[in-house]
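Spelled out from the first residue to the last, the chains are:
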Amino acid sequence: MHADEFGFGTQIRKSPYFDATVRWGAQGFSVYNHMYIPRDFGDPEQNFWNLVNDAILCDVAVERQVEITGPDAARFVQMLTPRNLSKMAVGQCKYILITNADGGILNDPILLRLAENHFWISLADSDILLWAQGVAVNSGLDVQIGEPDVSPLQLQGPKSGEIMRALFGDSIMDLKYYWLREMTLDGIPLVVSRTGWSSELGYEIYLRDSSYGDMLWERIMATGMEFGLKPGHTSSIRRIEGGMLSYHADADIKTNPYELGLDRLVDLEMQADFIGKAALTRIKAAGVQRTQVGIIIASDPIKGPNTRFWPINHAGETIGKVTSAVYSPRLERNIALAMVAITHAAIGTELEVVLPSGPVTATVVERPFYDPKKSLAAA
């Protein structure tokens, strides 16, 4: 399969690693933030085991950055999110929600603070560059907002620390969970952070000059070879095990933070104003009608992740939907994240899920399904 066989036209952008991923066996792509993302390097179950036993390198250049600079950058970024950023240090990363005036979630990115007035918002799949530029127009704040030439890779898995040490030397081992460092590798300009979308130990390597994409990919793969590094794609199995959200699936513009149990990312008491504060204050006072739960689906192993929202019934009535489901070979169960009526959210509740093949029983369980304290990622 050759790179030039792909194409939806030039409106879908190729990452700086696109040709390298095809050379290394990428067999299928999805579209995310108007870019190709490799979603298939063969067997997804093998990809999962590669991740949890050794390490994988993933092209996540689709995590586009919204860069915010200028004298009012910190104040402006706080306007975008209900998470209190007042104690966020330079060099720190934070998982945030971006909410609209109704309290709906527009994105759940990682925020990176590179300098006092220099931020990157590392995006999930939605157009926050346009939102931020629109918000800025009438804000009266002095900010510059654009998309820099920045393309992340994810190096994830228990061996990722050793690979990073081989690449960057011993000093990289001091990098703490959710912190970043500006670095170079063979003269290639990078930002490295202890973050990722795997619930395993991992790093994100943000390339700051796309002309080095091929060189960076090959350098990391060559160094990682002795540690069992494989090319891969973000694992649906592992991220659902870890209870991690996928925007457009588990959350969208009609979902609010309280429905997802993400109260810790909302500070209604802080003095700073943010978009959605009044709505979220009302929502919290009223209480939510639905909530996210984990469920185990009692059926034969599901073949791949769900491509539709499967209805969830109780006593003949539809009370929710499955948002992300997959078979976990490690847990030997079909596991899923679901949004259900609050009246049916208690642990142990028995429900009916309507699969494409027909109705089956399901049970509400604790989430995350594996390593609930995130001890692997934070190790």
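Heads up: the structure comes first, above all this text.
Once a new chain begins, its residue numbering starts again from 1 and follows that chain's sequence as written. Only residues with pLDDT of at least 70 are given local features in this predicted model, and only at 80 or more are side-chain atom pairs given and counted; all residues enter the totals for whole chains, interfaces and linings. Only hydrogens and water are set aside when side-chain values are computed; all heavy atoms of the structure are taken into account.

Let's shift gears to the environment of Asp209. Helix and strand definitions here come from DSSP, where helices need a minimum of 4 consecutive H or I residues and strands a minimum of 2 consecutive E residues; each element is numbered from the N-terminal end. On the secondary structure map, Asp209 appears in the loop between strand 14 (202-207) and helix 6 (213-224). For Asp209 and Gly28, which are 181 residues apart along the polypeptide, the C-alpha to C-alpha distance reads 25 Å. Ignoring sequence-local partners within four residues, the contact set of Asp209 consists of Asp149 and Pro189. Within 3.5 Å is the distance limit for a polar contact, defined as a pair of N or O atoms, with the added protein rule that one can donate a hydrogen and the other accept it, and that residues adjacent in sequence qualify only through two side-chain atoms. Side-chain polar atoms of Asp209 contact the side chain of Ser211, separated by 2.7 Å. Should any heavy atoms of two residues lie within 4.5 Å, those residues are counted as being in contact.

Moving on, we get to the side chain of Asp108. Tracing the sequence through the fold places Asp108 in the loop between strand 7 (105-107) and strand 8 (110-115). A simple rule labels every residue: compare its accessible area, found with a 1.4 Å probe on the protein chains alone, to the largest value its type can have, and call it buried under 20%, exposed over 50%, or partly exposed in between. Asp and Glu count as negative and Lys and Arg as positive, but His and the ends of the chain are not part of the count. A side-chain nitrogen of Lys or Arg and a carboxyl oxygen of Asp or Glu constitute a salt bridge if their distance falls within 4 Å. Buried within the structure, Asp108 lacks any salt-bridge partner; Arg239 is the closest side chain of opposite charge, at an N-O distance of 8.6 Å. Once you skip the residues sitting within four places of it in the chain, Asp108 turns out to touch Tyr95, Ile96, Leu97, Ala124, Leu245 and Tyr247.

Okay, the packing of aromatic side chains next. What counts as a ring pair is set by centres within 6.5 Å for rings of Phe, Tyr and Trp (its six-membered ring), and what kind of pair is set by the plane angle: stacked under 30 degrees, edge-to-face over 60, tilted for all other angles. For the structure shown, the criterion picks out 7 aromatic pairs. Aromatic pair Phe18 and Tyr36: ring centres 5.4 Å apart, planes at 55 degrees, arrangement tilted. Of this pair, Phe18 sits in helix 1 (residues 18-23) while Tyr36 sits in strand 2 (residues 35-40), and the two are 18 residues apart along the sequence. As far as burial versus exposure is concerned, Phe18 and Tyr36 are alike and both buried. Centroid distance Trp120 to Tyr206: 5.8 Å. Interplanar angle 45 degrees. Geometry classified as tilted. Of the two residues, Trp120 sits in strand 9 (residues 118-122) while Tyr206 sits in strand 14, which places them 86 residues apart along the sequence. Like Tyr206, Trp120 is buried. Connected via pairs of aromatic rings, a cluster forms that spans Phe18, Phe29 and Tyr36. Just above the ring of Tyr203 sits the side chain of Arg194; from NZ or CZ to the centre is 5.8 Å. Two conditions define a charge sitting above a ring: the NZ of Lys or the CZ of Arg must be within 6 Å of the ring centre, and it must be within 35 degrees of the ring normal. A cation over an aromatic ring shows up here: Lys321 above the ring of Phe309, its NZ or CZ 4.4 Å from the ring centre.

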